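Next come the chains, spelled out residue by residue.
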Amino acid sequence: MSDLSPDARRLREILRYLEAQDADNQTLLTYLELQRAAVLKALAEAEGGEPSRPEAERQGQAGEKPPSRPSGAVIPTAPRDPRRPGKPYKLERRKTPDGPVPTAVHTADCHMSGELTHAVNAMEARLALTDSGLPACSFCRPDLELGIDAG
């Protein structure tokens, strides 16, 4: 990659960004592996038996955790929806004397949000709905799209 800037400050910033992206992807990968294991267990119970032989071999004979990807591995992502370039969710904010305060989570293409919004990725939207307790828009329902029952 000879196109990189020789400026050390910029290179450190690029490295910081790449490391943050790697950490986000590792978190997502771990979550997906746990969800996959739960679905396989539920499927085996629903079918009244053990996982199929190839599935048991893929999981490991002794019930060991499947090997994780190396830290430099590229994690495939789903193709982006052309109607939603960039970040697929947004936080609606309300002006207060202390500054903008998040009030709801929307999908990026929702027209029910106010004028003051902030684009966020799926992980940030999920955290806003679960940890921060922000309500999901009842029109676009980002909670259903994210697989969260925000009730």
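Please read these numbers as outputs of a predicted model, since none were measured by experiment.

Chemist: Can you lay out the environment of L134 for me, pointing to particular residues and giving the numbers?
Modeler: Relative to the assigned elements, L134 resides in the loop between α3 (122-130) and α4 (142-145). For L134, a relative accessible area of 14% gives the class buried. Here the alpha-carbon distance between L134 and E92, two residues 42 residues apart in the chain, equals 9.9 Å. The residues touching L134, leaving out its near neighbours within four places in the chain, are L91, P102, T103, A104, V105, A128 and L129.

Chemist: Before we move on, can you summarise unusual backbone geometry with the specific residues and values?
Modeler: Not every positive phi belongs to a glycine, and R141 is a case in point at roughly 50°. Given a relative accessible area of 30%, R141 falls into the partly exposed group.

Chemist: I'd love a proper account of helix α1 (residues 8-46), names of residues and values included.
Modeler: Taking 1.5 Å of rise per residue, the 39 residues of α1 would be expected to cover 57 Å, and the 56 Å separating its terminal C-alpha atoms lies within 8% of that figure. Listing the buried residues of α1 in full gives L29, L40 and A44. The opening residue of α1 is D7, an N-cap whose side-chain oxygen sits 3.3 Å from the backbone nitrogen of R9. In the stretch just after α1, G48 is the one whose phi turns positive, near 70°.

Chemist: How would you explain the nonpolar core if you had to name every residue and give the values?
Modeler: If you look at the biggest cluster of nonpolar residues, it comprises 10 residues: Y89, L91, V105, V120, A125, A128, L129, L134, L146 and I148. Residue assignment for this core shows that the elements contributing at least two residues are β1 (89-94) and α3. Among the elements that take part in this core, α3 stands out by supplying 3 residues, more than any other. When near neighbours in sequence (up to four residues on either side) are disregarded, A125 contacts Y89, V105, V120 and L146.

Chemist: Talk me through the state of the cysteines; I want residue IDs and the actual numbers.
Modeler: By the definition in use, this model includes 0 disulfides. No disulfide involves C110; its nearest neighbouring cysteine sulfur is the one of C140, lying 3.7 Å away. Note on C110: relative accessible area 4%, which makes it buried.

Chemist: Could you give an account of the sheet that holds β1, with specific residues and numbers?
Modeler: Within the open sheet, the 3 strands sit side by side as β2-β1-β3. Their pairing is antiparallel. The sheet is open, and its two borders are formed by β2 (101-107) and β3 (117-120), each paired with just one other strand. When the angles between neighbouring strand axes are averaged without regard to direction, this sheet yields 30°. Here β1 runs beside β2; their pairing, made up of 6 bridges, is antiparallel. Directly across from Y89, in β2, lies its bridge partner T107.

The rules behind each value
- Residues numbered from 1 in each chain as written.
- Predicted model: local features only at pLDDT ≥ 70, side-chain atom pairs only at ≥ 80, totals over all residues.
- Heavy atoms only, no water.
- Helix = DSSP H or I, 4+ residues; strand = E, 2+ residues; numbered from the N terminus.
- Buried < 20%, exposed > 50% of the residue type's maximum accessible area, 1.4 Å probe, protein only.
- Contact = heavy atoms within 4.5 Å.
- Expected span 1.5 Å × (residues − 1).
- Polar contact = N/O pair within 3.5 Å; in protein donor to acceptor, adjacent residues only side chain to side chain.
- Core = buried A, V, L, I, M, F, W, Y, C linked by side-chain atoms within 4.5 Å.
- Disulfide = S-S within 2.5 Å.
- Pairing = 2+ DSSP bridges.
- Axes fitted to C-alpha atoms, helices over the stretch in contact; angles between N-to-C directions.

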